[in-house]
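So the chains spell out like this:
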Amino acid sequence: MTTTANRSGTRPIAVIGGTGPAGMGLALRWARAGEAVIIGSRNEERAQQTAAAIQHRAGPDANVSGMENSVACAAADILMLTVPFEAQAALLKQLKPAMTEGSILIDATVPLAASVGGRASRTLGVWQGSAAQQAAELVPREVSVVAAFHNLSAEMLNGDAPLDCDVIVCSNDSDAAQLTRELAAKIPGVRPIDGGPLQNARIVEQITALLIGMNIRFKGHAGIRITGLPPTAYR
Ligand SMILES: NC(=O)c1ccc[n+]([C@@H]2O[C@H](COP(=O)([O-])OP(=O)(O)OC[C@H]3O[C@@H](n4cnc5c(N)ncnc54)[C@H](OP(=O)(O)O)[C@@H]3O)[C@@H](O)[C@H]2O)c1
């Protein structure tokens, strides 16, 4: 696998489900950082409208386009998945043929009970251990899965202020994890941290439910900071 500079410099990041708040916020921040971003949607027109809105906010130098999800997938080798848990498996099965060899799928899916009508501050049990591990079972073998960005508030991402949150990155592919940490570091205020193997995504996904509960109780936009590690840990 090549470096971040090569990969993100030559091929765009496709945000699958990029019309929702989480995908839009990540796309906005990466567009502002100079990354080429494709908004993916089930509906091409909705993708293009969202892309135009992000382009407008990110400025004339930004490079944001909109495509139907499978077209976006084929056009990029960094895929950011931001869809509700109940949509994740069916969508990945549908997109599998469009994924190119050597792609990275970054998964931010949180298996919230709300996605099946339960409480937003509770999670569902996932047979594979986590939503990210479920994703890893559904993509082609040549596609690396990374779990990241679960604990960022979409509302904060869609604003203009720096975030106050660390991003824990879990993957079994160290190059893919490194690339994802570099993308996380492009979001002002975010510190990326190596969270170890993909199976640790289970813990990171659960933290989001805890944060949602706090947001409901205190009416805020909670994030997390991991302290006590040497500076080398945050890169
Ligand atoms: N919101 C947050 O603060 C936050 C923070 C961290 C992580 N997350 C996680 O990130 C993911 C996205 O969050 P979100 O709040 O942006 O979600 P969302 O608004 O509910 O959905 C995002 C997009 O997913 C697509 N989608 C919805 N149902 C689908 C289906 N059945 N099949 C295919 N695509 C479908 C829709 O795009 P189209 O209709 O245009 O196709 C929608 O705009 C979730 O797993 C969430 O847990 C969210």
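Above this text sits the structure in question.
The rules behind each value
Residues numbered from 1 in each chain as written. Predicted model: local features only at pLDDT ≥ 70, side-chain atom pairs only at ≥ 80, totals over all residues. Heavy atoms only, no water. Buried < 20%, exposed > 50% of the residue type's maximum accessible area, 1.4 Å probe, protein only. Helix = DSSP H or I, 4+ residues; strand = E, 2+ residues; numbered from the N terminus. Pairing = 2+ DSSP bridges. Axes fitted to C-alpha atoms, helices over the stretch in contact; angles between N-to-C directions. Contact = heavy atoms within 4.5 Å. Core = buried A, V, L, I, M, F, W, Y, C linked by side-chain atoms within 4.5 Å. Near = heavy atom within 4 Å. Polar contact = N/O pair within 3.5 Å; in protein donor to acceptor, adjacent residues only side chain to side chain. Areas by Shrake-Rupley, 256 points an atom, 1.4 Å probe, with all protein chains shown as cover. 1 Å grid on protein atoms, 1.4 Å probe; cavity = no way out; pocket = protein on both sides within 12 Å on 5 of 7 lines; lining within 4 Å. Sits in = over half its atoms within 2 Å of the grid points. Nonpolar A, V, L, I, M, F, W, Y, C, P; charged D, E, K, R; others polar. Expected span 1.5 Å × (residues − 1). Right-handed = clockwise from strand over helix to strand, strands pointing away.

(A) Here's a closer look at the pairing of strand 7 (residues 165-171). For strand 7, the tally of buried residues reaches seven of seven residues, placing the bulk of the element in the interior. Residue alternation in strand 7 divides its side chains into two sets, Cys165, Val167, Val169 and Ser171 and Asp166, Ile168 and Cys170, and both sets are buried. The pairing of strand 6 (residues 144-147) with strand 7 spans two bridges and is antiparallel. Across the sheet, the residue bridging to Val146 is Ser171, located in strand 7. Sheet topology note: the strand 7/strand 8 (residues 190-194) ladder contains five bridges and is parallel.

(B) Structural context of the sheet that holds strand 5 (residues 104-107). Strands sit in the order 3-2-1-4-5-6-7-8 across an open sheet of eight strands; the sheet is mixed. The open sheet terminates on both sides in strands that have one partner only, identified here as strand 3 (63-68) and strand 8. Geometrically, the sheet is characterised by an average inter-axis angle of 25° between neighbouring strands, direction not taken into account. For strand 2 (residues 36-41) and strand 3, the ladder comprises six bridges, and the chain directions are parallel. Paired with Val37 across the two strands is Val64, which belongs to strand 3. Along the sheet face, helix 3 (residues 44-58) touches strand 2 and strand 3 and points at about 170° away from the line of strand 3. Along the sheet face, helix 5 (residues 85-95) touches strand 1 (13-16), strand 3, strand 4 (78-81) and strand 5 and points at about 155° away from the line of strand 4.

(C) How the structure looks around the nonpolar core. In this structure, Trp30, Met80, Leu105, Ile106, Phe149, Leu152 and Ile187 are the most contacted members of the largest nonpolar core, which totals 65 residues. Every residue in contact with Trp30, bar those within four places of it in the chain, is listed here: Ile13, Glu35, Val37, Met80, Phe149, Leu183, Lys186 and Ile187.

(D) View of the site of the ligand. As a structural note, the neighbourhood of the ligand is formed by 19 residues, with Thr19, Ser41, Arg42, Arg46 and Val83 the closest of them. Between Ser41 and the ligand, the recorded distance is 2.5 Å, taken from a side-chain N or O atom to an oxygen atom. One of the backbone N or O atoms of Val83 is found 2.7 Å from an oxygen atom in the ligand. Here the ligand loses 75% of its free accessible area of 880 Å² to cover by the protein chains. Judged by the proximity of its atoms to the pocket grid, the ligand belongs to the largest pocket. Each residue belonging to the shell around the ligand can be placed in one class, and the counts come to ten nonpolar, seven polar and two charged.

(E) Region of interest: helix 8 (residues 174-185). In a regular helix each residue adds 1.5 Å, so twelve residues correspond to 16 Å; helix 8 covers 16 Å between its end C-alpha atoms and thus fits that length. Of all the positions in helix 8, only Ala176, Ala177, Leu179, Thr180, Arg181, Leu183 and Ala184 are classed as buried. Sitting at the head of helix 8, Asp173 places a side-chain oxygen 3.0 Å from the backbone nitrogen of Asp175.

(F) Molecular detail of unusual backbone geometry. A positive phi angle is found at Phe149, which is not glycine, with a value near 75°. Looking at the element boundaries, Phe149 is found in the loop between strand 6 and helix 7 (154-157).

(G) Region of the structure containing the pairing of strand 1. Where burial is concerned, the two faces of strand 1 agree: the one with Ile13 and Val15 and the one with Ala14 and Ile16 are both buried. In terms of strand pairing, strand 1 meets strand 2 through four bridges, oriented parallel. Bridging from a neighbouring strand, Ile16 pairs with Gly40 of strand 2. A crossover connection joins strand 1 to the parallel strand 2 through helix 2 (residues 21-32); in handedness this β-α-β unit is right-handed.

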